[in-house]
2 protein chains.
Amino acid sequence: MNAPVNAPSRAWDTLQRNRAQRLERAAAALGAELDGKSLPAARIADLFYAVLECGDRVCIEGNNQKQADFLAQALAKLDPARVNGLHMLQSVLTLPEHLDVFERGVASKLDFSFSGQQAGRVAKLLSAGKLNIGAIHTYLELFSRYFIDLPPRVCMVAAEAADRHGNLYTGPNTEDTPPIVEATAFKNGIVIVQVNRIMDTLPRVDIPGDWVDFVVQSPRPYYIEPLFTRDPALISEIQVLMAMMAIKGIYAEYGVQRLNHGIGFDTAAIELLLPTYAASLGLKGKIGKHWALNPHPALIPAIEAGFVESVHSFGSELGMEDYIRARPDVFAVGADGSMRSNRALCQAAGHYACDMFIGSTLQIDLQGNSSTATLGRIAGFGGAPNMGADARGRRHASPAWIKAGQQARAGRNMIPRGQKLVVQMVETFREHMHPAFVEKLDAWELAKQAKMELPPVMIYGDDVTHILTEEGIANLLLCRSDEEREQAIRGVAGYTPVGLGRDRRMVENLRDRGVIQRPEDIGVDKRLATRDLLAARNMKDLVRASGGLYDPPQRFRNW
Amino acid sequence: MNAPVNAPSRAWDTLQRNRAQRLERAAAALGAELDGKSLPAARIADLFYAVLECGDRVCIEGNNQKQADFLAQALAKLDPARVNGLHMLQSVLTLPEHLDVFERGVASKLDFSFSGQQAGRVAKLLSAGKLNIGAIHTYLELFSRYFIDLPPRVCMVAAEAADRHGNLYTGPNTEDTPPIVEATAFKNGIVIVQVNRIMDTLPRVDIPGDWVDFVVQSPRPYYIEPLFTRDPALISEIQVLMAMMAIKGIYAEYGVQRLNHGIGFDTAAIELLLPTYAASLGLKGKIGKHWALNPHPALIPAIEAGFVESVHSFGSELGMEDYIRARPDVFAVGADGSMRSNRALCQAAGHYACDMFIGSTLQIDLQGNSSTATLGRIAGFGGAPNMGADARGRRHASPAWIKAGQQARAGRNMIPRGQKLVVQMVETFREHMHPAFVEKLDAWELAKQAKMELPPVMIYGDDVTHILTEEGIANLLLCRSDEEREQAIRGVAGYTPVGLGRDRRMVENLRDRGVIQRPEDIGVDKRLATRDLLAARNMKDLVRASGGLYDPPQRFRNW
């Protein structure tokens, strides 16, 4: 009597048949202009009309750096009477066209990770009802959903070159391409690629042609943003001081060998102090050996000084190509000599194989929650939440991880466990004298505005282990109550209202216990905190350090 | 004065030059017998002597299922006077040869994830000093280290077929191959592949030939283990009862749509109750829609009944090939019609895109820590810690995740956050009347024996949200103190000493609060808990449910 409740007989190959129909429509529309998998750039709209269906989930490669810009522009120009209701999936919204599709009614729903410069426009389109947000993710999380409940029906990606079989060479800027194409191709979706060139023989194959349906040579090379380049000339002496504290108070203290750095001047300063300050402390070979990191130009002096053993990257960085090619022991390069990046695998590595994440933020509250959300801007998360979270599934030990775990658990009835170091580095006041420490994050108000289910917290307080400001280091691992944690945070919050609201006696007590450490407590001499300590003081120094191999983008040159 | 401390000028291409030397030695050793990348099976030892160097990090593809067994056997036969001190990297130690390399002195160090049947021998070799363990990992964590601090110098993998360019077809059993090959090829390592066949044209390319150095057709097809097949005939009525409780008390309660199941009869029972019990509760379309799961045969009836919308897999399962090919809407298949699996990406998906992990364990302590470690056996972790840990970097919401997070945080001064459901399902007594609940895990003693830095805990108590036994469900999310948590666990621990040690009054109070739920509290009628409720009661039923498409391995047939 309890036999299975069988569904009526149904078709099990709807995706396959639908894919075949789309391919047939494309063949019919393009006729002889379809040369194998390749079509002329001028026919891209015809391809889109043929293969897209209203309501499709469409993943467009909007990466942190590389952009499938030609395809994004063509998509934004489609007639919304013919193609509409698309559900866009993408890592990053960078180009105006990424939002034009919503403005024009071609697309209506969005799942993404980061919106950077377009954050204000995302908020406006949302309140104008032109855009529904499914959710905001961290990168690896969004890729993960492509394989579970958000497989793209059509994906549009960018590669350096293709051959006539559709094999792709993505070279240094592989970034997000592999999981996007894999998720689409293995769910009977349609894979469309814009390439800078079509070649007879590729330097190497990064994506097999079997996974690719259509290739179009774009009129211009894809747009790419040098997102991780920081001019050392703009690093302040406060940042030098904070970098010294980070190196002596955290890197050396825990013996951090495997790590990820966030983006920004704070961590660039650390990179530039490795061959000077850290070397003078005898730390070469003891800290900063293995990195999950894009090829930051600021890392050149540390590489040249022999600090850095290896770097695995999410993406590449413009101008670093020749330098990388000349340093194959350090970077992940193929037999052809050029780098391979892979955001999905590097994010996994950042999560599981690194002992520390250190980055900057805009606001920190009294529980240590930090956020880069500001009102009227829906900026998203990018990669930080994945790397700035304790990797609770990690099981292999390292001295840094064990020590952090011990500090968090000492005197508590808890089973021993390691813990990731998650460091937030902020000056107490940011630009325009906005305090970095607040009673309540702007994220709460933004959540209300944008009807989010949770306030958009970048890194949660219970994952943060250290907060570092110019006033000192708060080691939250050593706090034993919410009250202690709050006072430890107030104790490094300087002259902000949060800092002024400290309980002086309790803060002094925390300092005596080493929960709060001032520069002088760890032997950091503030007088040494000058820009002279930087291994490169401007872009030209970086070029010089690279032996002339680093070729900065025009906007970073004044020569 | 603070100029960078430059290292003396050094070579930056040692890996590249060393790779070239290895390739030259191979060419010299094999001469005309090297046909492009392909060599005769009889010359495998010569290839190994040519490309291996003492102390190399060597990754051999020992997967959960597929084994590079021909290469493992050849490696184990090498003369330790010529090749020794290898540092083996591998997901799973399954074959005797995986340990023979240590016994014979060819290898001396090991980093791995899981040792299954070889767990006793790992322990023996360790105490005999023949093997040093670097660390024990979860799968994704081990892959992650391949890109950071453990890049393989040589990798040895298995594929279904290769073409004469070295392109690989891994088909349904792709498993761990992609990250292993990527980490090796892009660090100037050597990639060696055993294939079942060499073909002119592959069904599709899974790994580009550019990443592959040597291909050898093995005398026999690679060994593969049907690890996820469970005969429904062996499911007990207690397991049916527990499955009913899981479905009604957890799946329905939280509306769990995206999930992963562990291996074993407990979760097989749940799979087999979806089209019967769950359907009768009106749960079709409400639970169990998207899965990160291998193609478990026990899932066939739920697929046929329309419960399951999609399955993305770590690896395949023997005998499921034709069924998968006939259900392309459900599985991830390529344009050629066969499945693609990918353990790295599916583990990421299990971590980030699933709302629940549910699995079994051997021992649970009073804090909820669970372990499968037993004395004298170093078994490792596999994939469970990654999926059975809260994904603290996750940022997208779902009803299940939000509800779990709310339960954990209600009445506490904590910022709202979602939480993953992590369910441990055990009978209070396991085989031979060993209690599943213990005061102290055997893992502690094993850690001492094997000089591990931490006891090998599979899933930590602070990540577990529910413990389910035949006595009831303990919802640890609702506990507000260590004492409550302990009593909640004792309260479902039955007649084990831990269960008998409960504070009856406190347990009744926890039951009143819904922290502990008995079957009758959630309307589960124990009288219905019979094997009649299973949608398939034996292997033949599974074959029948599949319309004859499932073809079980011989050992699972009695017909």
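The structure displayed is predicted, hence computed values, not measured ones.

Caption draft 1: Layout of the packing of aromatic side chains. Summed over all chains, the structure comprises 6 aromatic pairs over all chains. Ring centres of F143(B) and Y146(B) lie 6.3 Å apart, and the angle between their planes is 50°; on these two criteria the pair is classed as tilted. Remark: Y146(B) and F143(B) occur in helix α6 (residues 139–148); sequence separation between them is 3 residues, near one turn of the helix. Look at F143(B) and you get buried, because its relative accessible area is 1%. Looking at K440(A), its charged tip hangs above the ring of W444(A), at a distance of 5.1 Å from the centre.

Caption draft 2: Layout of the pairing of strand β7 (residues 154–162) of chain A. All names here are of chain A. Along β7, 9 of the 9 residues are buried, which leaves the element largely enclosed by surrounding structure. Pairing geometry for strand β2 (residues 57–60) and β7, over 3 bridges, is parallel. Residue pairing in the sheet places I60 in a bridge with M156 of β7. In the sheet, β7 pairs with strand β8 (residues 168–169) via 2 bridges, with the strands oriented antiparallel. Along β8, the bridge assignment pairs A161 with Y169.

Caption draft 3: Summary view of the relation of the copies chain B and chain A. Screw-axis analysis of chain B against chain A gives a translation of 0.0 Å along the axis, an RMSD of 0.0 Å, and a rotation angle of 180°. Such a combination of rotation and displacement between the chain copies is what one expects of a two-fold axis. When C-alpha positions in chain B are compared against the rotation axis, the closest is assigned to P208(B), at 3.0 Å. With an isologous cut-off of 70% or more, the 100% of interface residues of chain B that recur at the interface of chain A puts this contact in the isologous class.

Caption draft 4: The domain arrangement of chain A, seen in detail. Residue and element names in this part refer to chain A. By domain assignment, chain A separates into domain 1 (19–224) and domain 2 (235–542). The straight-line distance from the C-alpha centre of domain 1 to that of domain 2 is 34 Å. Contacts between the two partners involve 34 residues from domain 1 and, on the opposite side, 30 residues from domain 2. Remark: the boundary between domain 1 and domain 2 carries 4 salt bridges. R343 is the salt-bridge partner of E175, the closest N and O atoms lying 3.0 Å from each other. Sorting the residues of the side of domain 1 that touches domain 2 by element identifies β5 (107–114), α5 (119–127), β6 (132–136), α6 (139–148) and α7 (177–185) as the ones contributing at least two each. If you tally residues by element for the side of domain 1 that touches domain 2, the top one is α5, at 5 residues.

Caption draft 5: Fine view of the pattern of salt bridges. Counted by the stated rule, this structure contains 80 salt bridges over all chains. Across the pair R518(A) and E471(A) runs a salt bridge whose closest N-O atoms are separated by 3.7 Å. Residue R518(A) is located in the loop between β23 (516–517) and α19 (539–545), and its partner E471(A) is located in the loop between β21 (466–469) and β22 (472–475); the two are separated by 47 residues in the primary sequence. Since its relative accessible area comes to 8%, R518(A) is described here as buried. When the shortest N-O distance is used, the salt bridge between E160(B) and R197(B) registers 3.5 Å. In this pair, E160(B) sits in strand β7 (residues 154–162) while R197(B) sits in strand β9 (residues 190–198), placing the two residues 37 residues apart along the sequence. Each of the salt bridges in this network shares a partner with another, and the network as a whole consists of E182(A), R204(B), D206(B), D336(B) and R340(B).

Caption draft 6: Molecular detail of the nonpolar core. Grouped together as the largest cluster of nonpolar side chains are 92 residues, with contacts concentrated most on F48(B), L52(B), L71(B), L75(B), M88(B) and F437(B). For F437(B), the residues in contact, after removing those within four places along its chain, are I364(B), V426(B), T428(B), I467(B), T469(B), I489(B), V492(B), A493(B), T496(B) and V498(B).

Caption draft 7: Just the sheet that holds strand β21 (residues 466–469) of chain B, in detail. Residues and elements named next belong to chain B. What the 8 strands build is an open sheet, ordered β14-β13-β12-β15-β18-β21-β22-β23; its pairing is mixed. In this open sheet, the two edge strands, each paired with only one partner strand, are β14 (310–312) and β23 (516–517). As judged from the 2 bridges shared by strand β12 (residues 258–261) and strand β13 (residues 290–292), these two strands associate in the parallel manner. Looking at β13, one finds that R258 is bridged to H290. Sitting on the sheet, helix α9 (residues 265–280) is in contact with β12, β13, β15 (356–360) and β18 (421–425), with an inclination near 125° to β15.

Caption draft 8: Focus on the side chain of N173(B). All names here are of chain B. Here N173 shows up in the loop between β8 (168–169) and α7 (177–185). The class of N173 is buried, set by a relative accessible area of 8%. Residues contacting N173, with those up to four places away along its chain left out, are K66, Y222, I224, S316 and S341.

Quick notes on the rules
- Every chain is numbered independently, its residues counted from 1 as its sequence is written.
- Lettering for chains starts from A, numbering for ligands starts from 1, and both go in the order in which the items are written.
- Per-residue local features of the predicted model are confined to residues with pLDDT of at least 70, and side-chain atom pairs are confined, for both listing and counting, to 80 or more; whole-chain, interface and lining totals are unaffected and use all residues.
- Water and hydrogen atoms were dropped before computing side-chain values, which therefore reflect all heavy atoms in the structure.
- Only centres within 6.5 Å qualify two rings of Phe, Tyr or Trp (six-membered ring in Trp) as a pair; their planes then separate them into stacked at under 30 degrees, edge-to-face at over 60, and tilted for everything else.
- The numbering of helices and of strands both runs from the N terminus, where a helix is a DSSP run of H or I of at least 4 residues and a strand a run of E of at least 2.
- Three labels apply to residues, based on accessible area from a 1.4 Å probe with only protein chains included: buried if under 20% of the type maximum, exposed if over 50%, partly exposed otherwise in between.
- We call a charge positioned over a ring when the NZ of a Lys or the CZ of an Arg lies within 6 Å of the ring centre and within 35 degrees of the ring normal.
- At least two bridges found by DSSP between two strands is the condition for calling them paired.
- Here the copies were fitted onto each other by least squares, based on C-alpha atoms from residues at pLDDT of at least 70 in both.
- Contacts: residue pairs with any heavy atoms within 4.5 Å of one another.
- Delimitation of the domains relies on an automatic or database domain assignment.
- The rule for a salt bridge is simple: a side-chain nitrogen of Lys or Arg has to be within 4 Å of a carboxyl oxygen of Asp or Glu.
- The definition of a nonpolar core used throughout is a set of buried Ala, Val, Leu, Ile, Met, Phe, Trp, Tyr and Cys residues joined through side-chain atoms within 4.5 Å.
- Axis lines are fitted through C-alpha atoms, for helices just across the contact stretch, and the angle between N-to-C directions can take any value from 0 to 180 degrees.

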